[in-house]
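# Architecture and fold: a report
Chain by chain, the residues run as shown.
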Amino acid sequence: MTLKKTANLVALLLMPLLLASCSLLDTTTSPREATTLERIDDAAGELIASARDRIDTQQPIIATTLVNVDQLGQSSTLGRTLSEAFTSRMVQAGLNVVEVKLRDSLYIEENTGELILSRNVQRLGQDYNADAVLVGTYAQAQNQVFINVRLVKIANRTILGATSFSLPLTNDLRYLLPVSYR
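Residues numbered from 1 in each chain as written. Predicted model: local features only at pLDDT ≥ 70, side-chain atom pairs only at ≥ 80, totals over all residues. Heavy atoms only, no water.

## Overview of helix 3 (residues 77–92)
To be explicit about the condition: Starting at the N terminus, helices and strands are each numbered in turn, a helix being any DSSP run of H or I of at least four residues and a strand any DSSP run of E of at least two. Given the number of residues in a helix, its expected span is that number minus one, multiplied by 1.5 Å. Pairs of N or O atoms are called polar contacts if they sit within 3.5 Å, as long as, within protein, a hydrogen donor faces a hydrogen acceptor (for residues adjacent in sequence, only side-chain-to-side-chain pairs).
The end-to-end C-alpha distance of helix 3 is 23 Å, a good match for the 22 Å that 16 residues give at a rise of 1.5 Å each. Of the residues flanking the start of helix 3, the one acting as N-cap is S76, its side-chain oxygen 3.2 Å from the backbone nitrogen of L78. Backbone geometry just downstream of helix 3 places G94 in the positive-phi region, at approximately 90 degrees.

Structure follows, in structure tokens:
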């Protein structure tokens, strides 16, 4: 057997051992990044925690659609999806959230949502016997979406709790924004 063939055979026999030893190396340099849904869930938890001492958990809360910070009368699939995620987390935390989409008395604009920041908050609170309302805005930057969410007492517009966070502007999030944002 020639030296070259012997070297190739040794390399071939050692390959599985080398590959196995590589798998033992810790190549993790940073902790796993939270997924978009995990980050939203964490932010909703922060909102609830910040309001916990100031909110009556038995009183009804209305969740409205998050809106474009530059155009409070406009939202998107992203704004509606964020509202839904925050609503789910508030219900899981034991808050009394009223589902406004089931009632006929609230005008809901198709492809826009339930917009409170451009409405008469007092009247909406009376219509639903609500004590507080979830409101929020989002703004797209080049590589991120910045999101601000608040729980506001309707009677005096006092902010009961708030959270701010950002999400990386992935292709999925771009898809949830209006075409003009993409």
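## Concerning unusual backbone geometry
Look at R157: it is not a glycine, yet its phi comes out positive at around 60 degrees. The topology assignment puts R157 in the loop between strand 5 (144–153) and strand 6 (159–168).

## Observations regarding the pairing of strand 5
Note the threshold: Should DSSP find at least two bridges between two strands, the strands are taken to pair.
With nine bridges connecting them, strand 4 (residues 132–140) and strand 5 associate as antiparallel partners. Residue pairing across strands places A139 opposite F146, the latter belonging to strand 5. Count of turn residues in the strand 4/strand 5 antiparallel hairpin: three residues. Direction of pairing for strand 5 relative to strand 6: antiparallel, over a ladder of nine bridges. Directly across from Q144, in strand 6, lies its bridge partner P168. Hairpin connection, strand 5 to strand 6: the antiparallel pair is bridged by five residues, and R157 has positive phi, about 60 degrees.

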